[in-house]
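Examination of the molecular architecture
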Amino acid sequence: MSQARLTVSRHGTADGVRVLTLAGEIDHTTAGVFRRALAAEDGCARRTVLDLRGVTFMDSSGINVLVAANNAARAHGGWLRLAHTPEPLTDLLRIVCLDEVVPLYPTLDQALAPHAPA
């Protein structure tokens, strides 16, 4: 899945966690691609990890998509986790206090760990 400035690749783990790896910019022009990537085929993505190491920019459009995805996952008894969040993106998430709602992990393995707090 791609748009001019955002690419998304997906895979699943053996225990049913969806992993989305994003690269590029998340803004008003690519928020739709991001939103569609987060939407589960059955309409309820319960457990998702976003690998954000390749994200170079995110604006409020991306924040809105993250909030909606987190709310949807929690409504279905699941969670959303972020891994490999670049420093500028981590700073943005802290400014809007999203890091207090969606856990950030330094590595993908840590985000995927079954004992990781959600």
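Residues numbered from 1 in each chain as written. Predicted model: local features only at pLDDT ≥ 70, side-chain atom pairs only at ≥ 80, totals over all residues. Heavy atoms only, no water.

Tracing the backbone through its elements, the reader meets A72 in helix α2 (residues 60–75). Given the relative accessible area of 38%, A72 is considered partly exposed. Sequence separation between A72 and A39 is 33 residues, and the spatial gap between their C-alpha atoms is 9.3 Å. (Helix = DSSP H or I, 4+ residues; strand = E, 2+ residues; numbered from the N terminus. Buried < 20%, exposed > 50% of the residue type's maximum accessible area, 1.4 Å probe, protein only.)

Locating V65 in the fold gives a position in helix α2. Judged by relative accessible area, V65 falls into the buried class, the value being 5%. Not counting chain neighbours up to four residues away, the residues in contact with V65 comprise A31, F34, R35 and L38. (Contact = heavy atoms within 4.5 Å.)

Turning to the nonpolar core, a few remarks are in order. In terms of nonpolar packing, the biggest core is built from 24 residues, with L22, F34, L38, L50 and L66 touching the most fellow members. Of all the secondary structure elements, the ones that give two or more residues to this core are β2 (6–12), β3 (18–26), α1 (31–38), β4 (47–58), α2, β5 (79–83) and α3 (87–95). Here this core gets five residues from one element, more than from any other, and that element is α1. Excluding its chain neighbours within four sequence positions, the residues that come into contact with L22 are L6, T7, V8, F34, L50, D51, L52, G54 and V55. (Core = buried A, V, L, I, M, F, W, Y, C linked by side-chain atoms within 4.5 Å.)

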